[in-house]
Amino acid sequence: QVHLEESGGGLVHPGGSLRLSCVASGSIFSIVAMGWYRQGPGKQRELVARITSGHSTDYADSVKGRFTISRDNAKNTVYLQMNSLKPEDTDVYYCNGYIYFSPTGWDEYWGQGTQVTVSS
């Protein structure tokens, strides 16, 4: 079994910064890609950013230039550095991973979510 655990959420003023972390643990053979999604009440879950094992990245237009995703393959960890935060960034942020648990078996995994609140 594979488990994703997020940390780093919280309350921050507009213009502030937060860094989210997500550690993958368990029966991990390799990690194809990891990313961050967010979802607010009554809204669909949307992609924020993702990064492949080769460190290729993809960002939502709304966060380009403000958020940076990175990963430490040795630690099975992905980070999301969020700068210049806006009230509209307030959401629950979920870690996501496409992970091989064996040489031929893979699945998609989700963390439990961490709340990010941007408010004065």
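In this text the structure is predicted, and so the values were computed from the model without any measurement. Just so you know, the residues in each chain are numbered from 1, in the order the chain's sequence is written. Confidence filtering applies because this is a predicted model: local features only for residues at pLDDT of at least 70, side-chain atom pairs given and counted only at 80 or more, and all residues used for totals across whole chains, interfaces and linings. Values shown for side chains rest on all heavy atoms present in the structure; no hydrogens or waters enter the calculation.

Student: Report on the packing of aromatic side chains, specifying residues and quantitative values.
Tutor: Only centres within 6.5 Å qualify two rings of Phe, Tyr or Trp (six-membered ring in Trp) as a pair; their planes then separate them into stacked at under 30 degrees, edge-to-face at over 60, and tilted for everything else. Within the structure shown, the criterion is met by two aromatic pairs. Criterion for a charge above a ring: Lys NZ or Arg CZ within 6 Å of the ring centre, and within 35 degrees of the ring normal. Directly above the ring of Tyr-79 sits Arg-19, whose terminal nitrogen or CZ lies 4.0 Å from the centroid.

Student: Requested: an account of unusual backbone geometry, with residues and values cited.
Tutor: Of note, the phi angle at His-55 is positive, near 70°, even though the residue is not glycine. We count a stretch as a helix when DSSP gives it H or I for four or more residues in a row; a strand needs E for two or more, and each element gets its number in order from the N terminus. Looking at where His-55 falls in the secondary structure, it is placed in the loop between β5 (46–52) and β6 (57–59). Think of it in three bands: with a 1.4 Å probe and only protein chains considered, a residue is buried below 20% of the maximum accessible area for its type, exposed above 50%, and partly exposed in between. Judged by relative accessible area, His-55 falls into the partly exposed class, the value being 43%.

Student: I'd like to hear about the sheet that holds strand β3 (residues 18–26), residue by residue, with values.
Tutor: Each strand in a sheet pairs with its neighbour through backbone hydrogen bonds, running either in the same direction (parallel) or in the opposite one (antiparallel). Strands sit in the order β1-β3-β8-β7 across an open sheet of four strands; the sheet is antiparallel. At either end of the open sheet lies a strand with only one pairing partner, and these are β1 (2–7) and β7 (67–72). Strand-to-strand twist in this sheet, taken as the mean axis angle between neighbours without regard to direction, amounts to 15°. Note: two strands are recorded as paired if DSSP finds a minimum of 2 bridges between them. Pairing analysis gives six bridges linking β7 to strand β8 (residues 77–82), with the strands arranged antiparallel. Looking at the pairing, Arg-71 lines up with Val-78 of β8. Angles run from 0 to 180 degrees between N-to-C directions of axes, and those axes are lines fitted to C-alpha atoms, restricted for helices to the stretch in contact.

Student: Which residues make up the nonpolar core, and what are the values?
Tutor: Put simply, a nonpolar core is a bunch of buried Ala, Val, Leu, Ile, Met, Phe, Trp, Tyr and Cys residues held in one set by side-chain atoms that sit within 4.5 Å of each other. Residues Trp-36, Leu-80, Met-82 and Tyr-93 are the most contacted members of the largest nonpolar core, which totals 27 residues. If we ignore the near neighbours within four places in the chain, the residues touching Met-82 are Gly-16, Ser-17, Leu-18, Leu-20, Arg-66, Phe-67, Tyr-93 and Val-116. By definition, residues are in contact when any of their heavy atoms lie within 4.5 Å.

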